[in-house]
Amino acid sequence: MNSWNDFIRECTACKRCGLYSGRQNVVIGRGNPKPVPLLFVGEGPGEQEDIQGEAFVGRAGKLLDLLLEALRIDADCYYIANVVKCRPPQNRVPTREEMEACLPWLRYQVKALKPSVIVCLGSTAARAIIDDEVKITQIRGTWIELKGGLVVMPTYHPAAVLRDTRKREDFFLDMKKVRSRLIEMGVNT
Ligand code: URA
Ligand code: SF4
């Protein structure tokens with residue numbers, strides 16, 4: 001893969017795991033394919049994302065967009081991707097095998113987009129990126145530094161926040177930390 005276009009072409013044709021058979025679209029991500037300070041990683045496409053071929057366009061995505069707007073984080077500053085690019089049936093959590101099969105695509109996205117900060121939206125993303133065994137309720141809101149210097153903020157998945165409004169405040173606080181960190185880094189959000 002030499003370019004983003006090659007990546008799109010190869011990822012769109014991917015059959016590395018069984019999720020390919022139920023998909024309508026491979027959902028690569030949302031945002032400009034150019035270096036961005038901030039990368040969000042969700043779990044995998046839901047129904048609307050599968051139909052429209054775009055990440056976080058359903059209810060969870062609307063909540064995320066609202067929050068980003070409220071925090072004045074410009075759409076130019078971020079890209080939104082998922083751990084798996086094809087919708088798991090009935091939105092079940094992707095299996096370890098499915099995640100492992102798909103992770104090279106996300107790794108390519110990280111290499112190409114060169115984010116300074118990654119926000120893991122929910123436990124699937126946190127497990128894929130930080131550690132296999134983490135519990136999102138325990139680690140959310142704390143900065144974690146990966147090898148190579150990338151910093152990661154784990155937080156709740158916006159769909160979980162929609163289901164349980166008690167999570168709303170923490171979700172908001174975590175995202176405020178992200179915004180402060182970007183400002184500290186000199187990013188004009
Ligand atoms: N949930 C996710 O994890 N990803 C999406 O793209 C949409 C909903
Ligand atoms: Fe390929 Fe990922 Fe889709 Fe599986 S989920 S078929 S690995 S793009």
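This text gives an overview of the structure that appears in the document. Please read these numbers as outputs of a predicted model, since none were measured by experiment. (Residues numbered from 1 in each chain as written. Chains lettered and ligands numbered in written order. Predicted model: local features only at pLDDT ≥ 70, side-chain atom pairs only at ≥ 80, totals over all residues. Heavy atoms only, no water.)

**Considering helix 4 (residues 96–113)**
And step 1. Given a rise of 1.5 Å per residue, 18 residues ought to cover 26 Å, and the 25 Å separating the end C-alpha atoms of helix 4 matches this to within 8%.
And step 2. Helix geometry: helix 4 is bent most strongly at Cys-102, by close to 40°, with proline Pro-104 lying one to four residues after it.
And step 3. Tucked inside the fold, the buried residues of helix 4 contact helix 1 (4–12), strand 1 (38–42), strand 2 (78–82) and helix 5 (123–129).
And step 4. Lys-114 lies just past helix 4 and shows a positive phi near 45°. (Helix = DSSP H or I, 4+ residues; strand = E, 2+ residues; numbered from the N terminus. Expected span 1.5 Å × (residues − 1). Bend = angle between axes of the 7 residues up to and from the residue. Contact = heavy atoms within 4.5 Å.)

**Looking at the sheet that holds strand 5 (residues 151–155)**
And step 1. On the basis of which strands lie adjacent, the open sheet formed by five strands has the order 2-1-3-5-4 and mixed pairing. Each edge of the sheet is formed by a strand with only one pairing partner; in this case those strands are strand 2 and strand 4 (144–145).
And step 2. Pairing of strand 3 (residues 117–121) with strand 5, which is carried by five bridges, proceeds in the parallel orientation. The residue bridging Leu-121 from the neighbouring strand is Thr-155, located in strand 5.
And step 3. In this fold helix 4 packs onto strand 1, strand 2 and strand 3, with an angle of close to 170° to the strand it touches most, strand 2.
And step 4. Across the face of the sheet, helix 8 (residues 168–184) comes into contact with strand 1, strand 3 and strand 5 while running at roughly 165° to strand 5. (Pairing = 2+ DSSP bridges. Axes fitted to C-alpha atoms, helices over the stretch in contact; angles between N-to-C directions.)

**Thoughts on the site of ligand 2**
And step 1. In the neighbourhood of ligand 2, the contacting residues comprise Cys-14, Arg-16, Cys-17, Leu-19, Tyr-20, Arg-23, Lys-85, Cys-86, Ala-101, Cys-102 and Trp-105.
And step 2. When each cavity is represented as a set of grid points, ligand 2 is found to reside in the largest cavity.
And step 3. Partitioned by chemical class, the residues of the shell around ligand 2 number eight nonpolar, no polar and three charged. (Near = heavy atom within 4 Å. 1 Å grid on protein atoms, 1.4 Å probe; cavity = no way out; pocket = protein on both sides within 12 Å on 5 of 7 lines; lining within 4 Å. Sits in = over half its atoms within 2 Å of the grid points. Nonpolar A, V, L, I, M, F, W, Y, C, P; charged D, E, K, R; others polar.)

**Observations regarding the packing of aromatic side chains**
And step 1. Under the defined criterion, the tally for this structure stands at six aromatic pairs.
And step 2. Residues Trp-4 and Tyr-79 carry aromatic rings whose centres are separated by 5.8 Å and whose planes lie at 85° to one another, so their mutual orientation is edge-to-face. Linking Trp-4 in helix 1 with Tyr-79 in strand 2, this pair joins segments that are 75 residues apart in sequence.
And step 3. Note on Tyr-79: relative accessible area 2%, which makes it buried.
And step 4. Residues Phe-7 and Trp-105 carry aromatic rings whose centres are separated by 5.9 Å and whose planes lie at 50° to one another, so their mutual orientation is tilted. Of this pair, Phe-7 sits in helix 1 while Trp-105 is found in helix 4, placing the two residues 98 residues apart along the sequence.
And step 5. Aromatic ring contacts, followed pair by pair, group Trp-4, Phe-7, Tyr-79, Trp-105 and Tyr-108 into a single cluster.
And step 6. One residue, Arg-16, lies across the ring of Trp-105, its end atom 4.0 Å from the ring centre. (Phe/Tyr/Trp six-rings, centres within 6.5 Å; stacked < 30°, edge-to-face > 60°. Buried < 20%, exposed > 50% of the residue type's maximum accessible area, 1.4 Å probe, protein only. Lys NZ or Arg CZ within 6 Å of the ring centre and 35° of its normal.)

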